[in-house]
Amino acid sequence: MKIPMRYGLRILSASIISGALLLARPVLADYTVETVSNGGTIEGVVKLSGAALQIAPIKVTKNQDYCGQSIPSPVYSVGKDGGLQNVEVYLKGITKGKALSTDTISLVNEHCMFNPRVQGANIGQQIKISSNDPVLHSTHPQNASTNATIYNIALPFKGFSVTKPLPAIPELIKVKCDAHEWMHAWIWELDNPYFATTGDDGRFTIKDVPPGTYTLVAWHEAAGEKPTSVTVSAGKTATVAIQLAATQTP
Amino acid sequence: MRPDVRIATLLPALVTLLIIARVVLAQDDVGDVHQGKVVYEQYCALCHGEQGDGKGHYSEDTTPVPRDFRQGTFKWRSTPSGSLPTDADLEKVLVNGLFGTSMSSFSTSLTHRQRLDVIAYIKTFSPRFATEKPEAPITIPPEPPYTAESVTRGEAVYQKFNCAQCHGNGGHGDGPSADDLKDDWGNEIVPYDFTEGHVKCGNNGSDIYRVFIAGLNGTPMPSFADSISPAEAWDLVHFIQSLSPDYPKNVTGTPPTPIGKGAP
């Protein structure tokens, strides 16, 4: 009997494709995307309690000709009325809602610092890493709790950029530049899209939240983490005021 | 004949073929974890620790410290930055050892089968090996002639890519960032001094090329895969080799053969 090769090939390629899909399947996040037509908004402000901190500037120890002699410490960036910048705010444990973010996030090496210092992202997003500096930088993201290297990319000259995937598993990522040990950034990679980073006035907005009661976590690199309960009603705006204490001196 | 009948005829044969392929591959390539544990406890645990944490009995007297296997982070790989190593990468370290460290060669003390077994066991220390696969090894194009011109161009590449930031202008490992470098475990780590000779991860041109592209996971040595061209990378290899005492100083046009202690 003559067996037509094309059917065999079809079965073989089908097996290979399904096998590859099985292997490539990402770790299933405990989050389901659904249409949010009656969502509410969470608006809030994060403030630093207590007296304003006097923090010594970063002493630049290499490439001073370009980076300068010192850089103001970016750790406690406090705006008007005590609003604290660079706090990541996110809903913990939310299981369903709007679609995940898919745009490419950005991390720029600029004036021997990372910009932005803190940002949120979703699993599956990509990151564009670039340098505006005429010195060698490296962008070296690590798991913040284990220090395990995610990858380590050289940015050898001004104008260089590259786009890379974020890890497949949600985690807090700490980014460093090995060539300039003061350079740090944080990326909160989450499995739900309900996150925001506070601006220079300490304010944030999270939109299209399905009605319900949630735990809102506010995280700051030095002041630590604080959970707050928030109830969101359909079509309404819930307001939250969070106080973080400057417990650590960087 | 209808297509679905033909498919039905073909399926058992295909399944049998896949089963045979699986058995053959399993026998050739995959080590036995239980056998590997026996080998590990006899040869590896004294430095790398019973738990694979790099804290074995002898670890305190060892510089650099033994690898902690729990992160799945390995410096020497053929795979891109951040990726797990392949089994072949790990076996190469077992066969060659790591020059200048306490990691000795197991080329004669262990059989190929025992090496595969112990690799299978070492991989159980990190959960990454259960959930991730190593990425495809990087491609290394053929080495161009080792000429004086290539070395000169390589010096310009060394400048262009700011290698001196860590490795210093003369390649002595004394650049401005050299003193503040740490590995993933917080241990101080120094940039390589190219004038010392014998690159730890292998002395062939392709070994050095691979480090530029793959980087050294867990260390400050980043990957230049996205910024350097193959021609630039080969010229840089030749410049690095020209700094080393392991290679003849006359550049003949053919890839250099390491001499003395540098011989692979």
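Predicted model only: the values in this text are computed from it and were never measured.

J.: Honestly, the overall build of chain B in this entry has me stumped. Any pointers?
T.: The helix and strand inventory of chain B stands at 10 helices and 0 strands. Listing every helix and strand of chain B by position from the N terminus yields α-α-α-α-α-α-α-α-α-α. Going through the 264 residues of chain B one by one, you find that 41% of them count as buried. Expressed as a percentage of contacts within chain B between residues at least 6 apart in sequence, the contacts between residues at least 24 apart total 62%.

J.: What should I look at first to understand the domain arrangement of chain A in this one?
T.: Residues and elements named next belong to chain A. Assigned domains of chain A: these are domain 1 (31-97 + 195-250) and domain 2 (101-191). A straight line from the C-alpha centre of domain 1 to that of domain 2 covers 19 Å. Elements represented by at least two residues in the side of domain 1 that touches domain 2 include exactly helix H2 (64-67), strand S5 (88-92) and strand S16 (195-197). By residue number, the principal contributor to the side of domain 1 that touches domain 2 is S16, which donates 3 residues. Across the side of domain 1 that touches domain 2, the residue classes break down as 10 nonpolar, 3 polar and 3 charged.

J.: Sorry, what's going on with the confidence of the model for chain B here?
T.: Interpretation of the predicted coordinates at a detailed level should be avoided for regions scoring low in pLDDT. Residue and element names in this part refer to chain B. Mean pLDDT over chain B works out to 87, with 83% of the residues at or above the 70 mark. The weakest mean pLDDT in chain B belongs to helix H1 (residues 3-29) at 59; the strongest belongs to helix H5 (residues 112-122) at 97. Residue range residues 260-264 is modelled with pLDDT below 50. Its contacts to residues more than four positions away, or to other chains, number 13 contacts. For this predicted complex, the interface confidence comes out at an ipTM of 0.82, alongside a pTM of 0.84.

J.: What is the right way to look at the sheet that holds strand S19 (residues 224-232) of chain A in this model?
T.: The strands that make up a sheet pair up through hydrogen bonds in the backbone, lying either parallel or antiparallel. Residue and element names in this part refer to chain A. Ordered in space as S16-S5-S18-S19, the 4 strands form an open sheet in which the pairing is antiparallel. The strands lining the two open edges of the sheet, one partner per strand, are S16 and S19. Taking each pair of neighbouring strands and ignoring which way they run, the sheet shows an average axis angle of 25 degrees. Summarising the sheet, S5 and S16 pair through 3 bridges and their orientation is antiparallel. Residue pairing for S16: Glu 88 is matched across the bridge by Thr 197.

J.: Which parts of the structure should I look at to understand helix H2 (residues 33-43) of chain B?
T.: Since one α-helical turn is 3.6 residues long, residues separated by three or four positions face the same way. All names here are of chain B. Buried within H2 we find Gly 36, Val 39 and Tyr 40. Across the axial projection of H2, the buried residues extend over an arc of 100 degrees, all falling on one side. Among the exposed residues of H2, those oriented more than 90 degrees off its buried face are His 34 and Gln 42.

J.: Quick question: what am I supposed to make of the sheet that holds strand S9 (residues 118-122) of chain A here?
T.: All names here are of chain A. Overall, mixed pairing links the 5 strands, which are arranged S9-S15-S14-S11-S12 in an open sheet. Looking at which strands have only one partner, the edges of the open sheet turn out to be S9 and strand S12 (153-155). Between one strand axis and the next, the sheet turns through 25 degrees on average, direction left out of account. Sheet analysis places S9 next to strand S15 (residues 184-190), joined by 5 bridges and oriented parallel. Bridge assignment links Asn 122 to a residue of S15, and that residue is Leu 190.

J.: Got a minute to help me understand the pairing of S19(A) in this structure?
T.: In the case of a regular strand, side chains alternate between the two sheet surfaces. All names here are of chain A. Sheet topology note: the strand S18 (residues 212-220)/S19 ladder contains 9 bridges and is antiparallel. Bridge assignment links Ala 218 to a residue of S19, and that residue is Lys 226. The turn joining S18 and S19, which pair antiparallel and follow one another in sequence, is formed by 3 residues.

J.: What's the story with the nonpolar core in this structure? I'm lost.
T.: Generally speaking, a soluble globular protein has its nonpolar side chains buried in company with each other. With 96 residues, the main nonpolar core has A:Val46, A:Val89, A:Ala218, B:Ile122 and B:Leu236 as its most contacted residues. Tallying contributions element by element places helix H10 (residues 230-243) of chain B first for this core, with 7 residues. Every residue in contact with B:Ile122, bar those within four places of it in the chain, is listed here: B:Tyr40, B:Gly52, B:Phe69 and B:Leu90.

J.: Just to check I follow, could you spell out the packing of helix H7 (residues 148-160) of chain B against H10(B) for this structure?
T.: Helix-helix packing: each pair is described by the crossing angle between the helix axes and the interaxial distance. Residues and elements named next belong to chain B. Two elements in contact, H7 and H10, have axes whose closest approach is 7 Å; the angle formed by their N-to-C orientations is 100 degrees. Classified by the angle their axes make, H7 and H10 are roughly perpendicular. In contact with Ser 150, Val 151, Arg 153, Gly 154, Glu 155, Val 157 and Tyr 158 of H7, H10 contributes Glu 232, Asp 235, Leu 236, His 238, Phe 239 and Ser 242. By residue class, the composition of the contact of H7 with H10 is 5 nonpolar, 4 polar and 4 charged.

J.: Got a minute to help me understand the environment of A:Gly44 in this structure?
T.: Residues and elements named next belong to chain A. Among the secondary structure elements, Gly 44 is positioned in strand S2 (residues 40-49). You can call Gly 44 buried: it has 22 C-beta atoms within 10 Å. As a C-alpha pair, Gly 44 and Thr 163 span 119 residues in sequence and 32 Å in three-dimensional space. When sequence neighbours within four positions are dropped, the list of residues in contact with Gly 44 reads Phe 204, Thr 239, Val 240, Ala 241 and Ile 242.

What counts and what doesn't
- Residues numbered from 1 in each chain as written.
- Chains lettered and ligands numbered in written order.
- Predicted model: local features only at pLDDT ≥ 70, side-chain atom pairs only at ≥ 80, totals over all residues.
- Helix = DSSP H or I, 4+ residues; strand = E, 2+ residues; numbered from the N terminus.
- Buried ≥ 20, exposed ≤ 12 C-beta atoms within 10 Å, placed from the backbone.
- Contact = placed C-beta atoms within 7 Å.
- Domains from an automatic or database assignment.
- Nonpolar A, V, L, I, M, F, W, Y, C, P; charged D, E, K, R; others polar.
- pLDDT = per-residue confidence, 0-100.
- Pairing = 2+ DSSP bridges.
- Axes fitted to C-alpha atoms, helices over the stretch in contact; angles between N-to-C directions.
- Arc of directions from axis to C-beta.
- Core = buried A, V, L, I, M, F, W, Y, C linked by C-beta atoms within 7 Å.
- Parallel < 35°, antiparallel > 145°, perpendicular 65-115°, else oblique.

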